[in-house]
Structures are given as C-alpha cells and as structure tokens.
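# Inside the fold
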Amino acid sequence: MAKVFISYSNRNREYADEFAQGLIEYGHQPLYDGTLLSPGAELYKVLDQALDEADAVVFLVSRESLESAWVLAEIGRAKALASGGGKMLLPVIIDDVHAPEILRQWLVVMGRGRPAKEVAAEIATSISNFEIKRRHQEIRLREVEHDLSRFVDEAIEAQKTERANNKRAAYACYVGGAAALLLGLGLTYQATRHAMDKDTVLDATRMIAAGVANFVAIGFLGALAKYGYTTRKVVHERSSKIIRSHSRHSLRSVLSQSIRIAANTG
C-alpha cells in the first residue's frame, strides 16, 4: 500500500473525494485534507508532513488549481522531494487546460471527461508498478552495500596476510643478522687468541684473510639489518596500496551500481 498525496483546488473537492475513494478501493492510502484534517488541526503543518511521508504525489490540474498559490507551492516542494527518485509525481489533467511548464517533465495522465474512479484505477496501477520497481532498487542497493562491506573485509584480510608474511621475512633477517654477528665475533675472538699465542708465528696472508672474513661478516650483518628496516617500510607501503586499490575498486563498483539504479528510475 502506497501513501498518495493529492494536491488540488478546493473548488474541485467533489472530484478529489471520488478520486481518493478510487485509490482506497485499489489498496492505496490517499493523503489530502479530506482524510488528514480535523477541527483544531494545524493546516500547513499537517499537509507538509503528509507531503514528506507520501510515496507518490498526484496533482489534479484544473483552471482553479493553476490559480491556487498553495497548489503551485506544493508542486515546487514535491519536485524538490522527488529529485532523488524516491517519490512518484503524477499530474492529472481534469479539465480543458494544458499542463503547466513546471510539470511538463512528467508524463501527464488525461482525466478530462473521464470518471474520477477510472482515472484512480490507472493511477493506482502506475503507483503499484513504481513501488515494485523501488523495492527492487532497494534490494540492489542493499546488495551494493553488502559488496562494499565484502571489499573492505577483503582489503583488511589482505593487509593482515601481507603484514604477517613480511614480518616473518623481517624476523628471518634479524635472526640472520644476529647469527652473522655471533659468527663474526667468534671468528674475531678465535683470530685474536691465535694471534696472541706466543707460539703462533704471525702470517701476514692469514691475517689478511681473517680481516677480510670479518669485514664480509660485518657487511653481511649490515645488509641484513638494512633489509629488515626496508621490509618494515615496504609492509606499510604495500598495506596502504592494497587499501587504496580496494577502495577504488569498491567506489567504482558502488558508482556503477548507483548509476544503473538511477538510470532505471522512472
């Protein structure tokens, strides 16, 4: 059941009442002064609230309504509310006039010379179709939101996996560096003891070889330590790139879905 706001001139009250009754017979709820107002009610506040809550707005266009400042104001407000595609606007010509310029972007229903209930039946069918279409769009939007949530979850999981892998690589570098340090210290200690042994005859070639070995060990240690630092930096950069990549992918998907949904909005 849709809530249908009826905008009309009081001089067309009889037609509006019959039209509203036709909507009721087709399962819709008419919103107009005949159903909304009671003694003591705040006229403008009640009608404004009803216009906000309505799923569709029907304008009964006549000579009298085109001369009504109130009806023209309702048309302007309804256009603003319908700009996002959430409301259906339906101009109905009920006498010998043309649709005003402000309503010409919507398909006009010709009610001139036809019983109000017959016109109401046509309007009710259009509103029912619009409601079905809107429900379908709401389902698609929920699917888009679900996809966005999934993309974010995937980005977070990818970030965690990448970080864990790089942490393991960094720890391996630190362990290798520590091992290289111990090995270098061990070689240095052994070479020093050997050199200080009074029975050892110092050999320049062996001393040079030991120095080179120590230099290589220290260089290897420095390279591993530098790699460990670089790895941590790469972890952060890669994680940021993953998040940006997934965010762009998610945004493109959401925009694509939104554009398709907007294009399908009647």
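To be clear, the structure that these remarks concern was listed above.
The structure displayed is predicted, hence computed values, not measured ones.

It is worth spelling out the nonpolar core at this point. One finds Phe 19, Leu 60 and Ile 123 to be the most contacted residues of the largest nonpolar core, which totals 25 residues. Of all elements in the fold, only β1 (3-7), α1 (13-25), β3 (56-61), β4 (88-93) and α6 (116-196) reach the threshold of two or more residues within this core. The greatest single-element share of this core, amounting to seven residues, is contributed by α6. By size, the runner-up hydrophobic cluster in this structure holds 18 residues, among which are Leu 47, Ala 54, Val 71 and Val 97.

Looking now at the environment of Ile 6. With respect to the helices and strands, the residue Ile 6 is situated in strand β1. Exposure remark for Ile 6: the relative accessible area of 3% places this residue in the buried category. A C-alpha to C-alpha distance of 8.7 Å links Ile 6 and Asp 33, two positions 27 residues apart in sequence. Leave out the neighbours within four places in its chain, and Ile 6 touches Phe 19, Ala 20, Leu 23, Pro 30, Leu 31, Tyr 32, Val 58 and Leu 60.

A separate point is the pairing of β4. Where burial is concerned, most of β4 is hidden: six out of the six residues are buried. Side chains Met 88, Leu 90 and Val 92 of β4 all project onto a buried face; the interleaved residues Leu 89, Pro 91 and Ile 93 project onto the opposite face, where all are buried too. Of the strand pairs in this sheet, β4 and strand β5 (residues 109-110) are connected by two bridges, and their pairing is parallel. Considered in β5, the bridge of Val 92 is made with Val 109.

Rules used throughout
Counting starts from 1 at the beginning of each chain's written sequence and moves along it residue by residue. In keeping with the model being predicted, local features are shown solely for residues with a pLDDT of at least 70 and side-chain atom pairs are shown and tallied solely at 80 or more, while totals for entire chains, interfaces and linings include all residues. Excluding hydrogens and water, the side-chain values take into account all heavy atoms of the structure. The nonpolar core is taken to be a set of buried Ala, Val, Leu, Ile, Met, Phe, Trp, Tyr and Cys residues, with the residues joined through side-chain atoms within 4.5 Å. Exposure is judged per residue with a 1.4 Å probe applied to protein chains only, and the accessible area is read against the type maximum: over 50% gives exposed, under 20% gives buried, and values in between give partly exposed. Secondary structure elements are taken from DSSP: a helix is a run of H or I of four residues or more, a strand is a run of E of two residues or more, and numbering for both begins at the N terminus. Note on contacts: a residue pair qualifies if any of its non-hydrogen atoms lie within 4.5 Å across the two residues. In this scheme, strands are said to pair when DSSP sees at least two bridges between them.

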